[in-house]
Amino acid sequence: TPTIGVLALQGDVREHLVALASADALARPVRRPEELAEVDGLVIPGGESTTMSKLAVAFGMLEPLRERVRAGMPVYGTCAGMIMLADKLLDGREDQETLGGIDMIVRRNAFGRQNESFEASVEMAGVEGGPVEGVFIRAPWVESVGAQVEVVATYDGHTVAVRQGNVLATSFHPELTGDHRVHALFVDMVRAAQ
Ligand code: GLN
């Protein structure tokens, strides 16, 4: 059974811990480098990426996180977590740091004011049994991707889920739906990497 951490600096940590446990992983919160060293994979939750970025610096987590991502640790980011995994941002704050890991440009708050929060069915490659219910909350989208990046889902013409190697990201929040198929996909990725 893989041990999977949830980055617990800020955001909807508890929902991810529950979803991971339902998908047969040992799930635990990760705040410090020593805790990061003990996990086989990591989820970066939704929340507010500017705050998460600041706290990662304050907790001395930015470089340890970057190092593990570079070393090939499987990571799954939802919403703000997707933003953290982008090599480049549009509409990011000036001092906003990301970990990188996916060769993509992500636009923060892309779906705009009319549509700050909505749900939509999303067909996701690698997830069997029909579309997942995507919960989008001030969600980013992926503006463009490099050649190594697989587009896993689109909604309304925009890329909302991507994968590059062991790194997966979605604009939406499967942890809020009670449907744990996306977490199960990630747990399988962690198992395959072990
Ligand atoms: N808009 C947030 C950000 O820029 C992300 C929102 C979310 O994670 N639900 O970080």
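Within an unreviewed UniProt entry, the label attached to the protein chain reads Pyridoxal 5'-phosphate synthase subunit PdxT, and the organism entered is Streptomyces cinnamoneus. Under the Pathway (unreviewed entry) heading, UniProt states for the protein chain: "Cofactor biosynthesis; pyridoxal 5'-phosphate biosynthesis." Per UniProt, the protein chain has the following entry under Sequence similarities (unreviewed entry): "Belongs to the glutaminase PdxT/SNO family."

*Asks:* Explain the confidence of the model for the protein chain to me, please; I cannot follow it from the model alone.
*Replies:* Low pLDDT means the predicted atomic positions in that stretch should not be read closely. The share of residues in the protein chain with pLDDT of 70 or more is 100%, and the mean pLDDT across the chain is 97. Both confidence scores are given for the complex: pTM 0.97, ipTM 0.95.

*Asks:* What am I meant to see in the nonpolar core here?
*Replies:* Note that soluble globular proteins tend to have their nonpolar side chains buried in a common cluster. Core analysis: the largest hydrophobic core is formed by 62 residues, its most contacted members being Ile4, Leu42 and Leu85. In contact with Ile4, not counting residues within four places along its chain, are Leu20, Ala25, Leu26, Ala27, Val39, Asp40, Gly41, Leu42, Val43, Val187 and Val190.

*Asks:* What exactly am I supposed to notice about the site of the ligand here?
*Replies:* Surveying the vicinity of the ligand reveals the residues Gly46, Gly47, Glu48, Ser49, Cys79, Ala80, Ile83, Arg108, Asn109, Ile137 and Arg138. Split by residue class, the shell around the ligand holds four nonpolar, four polar and three charged.

Calculation notes
- Residues numbered from 1 in each chain as written.
- Predicted model: local features only at pLDDT ≥ 70, side-chain atom pairs only at ≥ 80, totals over all residues.
- UniProt positions renumbered as here; feature names shortened; annotations may be inferred.
- pLDDT = per-residue confidence, 0-100.
- Core = buried A, V, L, I, M, F, W, Y, C linked by C-beta atoms within 7 Å.
- Buried ≥ 20, exposed ≤ 12 C-beta atoms within 10 Å, placed from the backbone.
- Contact = placed C-beta atoms within 7 Å.
- Near = placed C-beta within 6 Å.
- Nonpolar A, V, L, I, M, F, W, Y, C, P; charged D, E, K, R; others polar.

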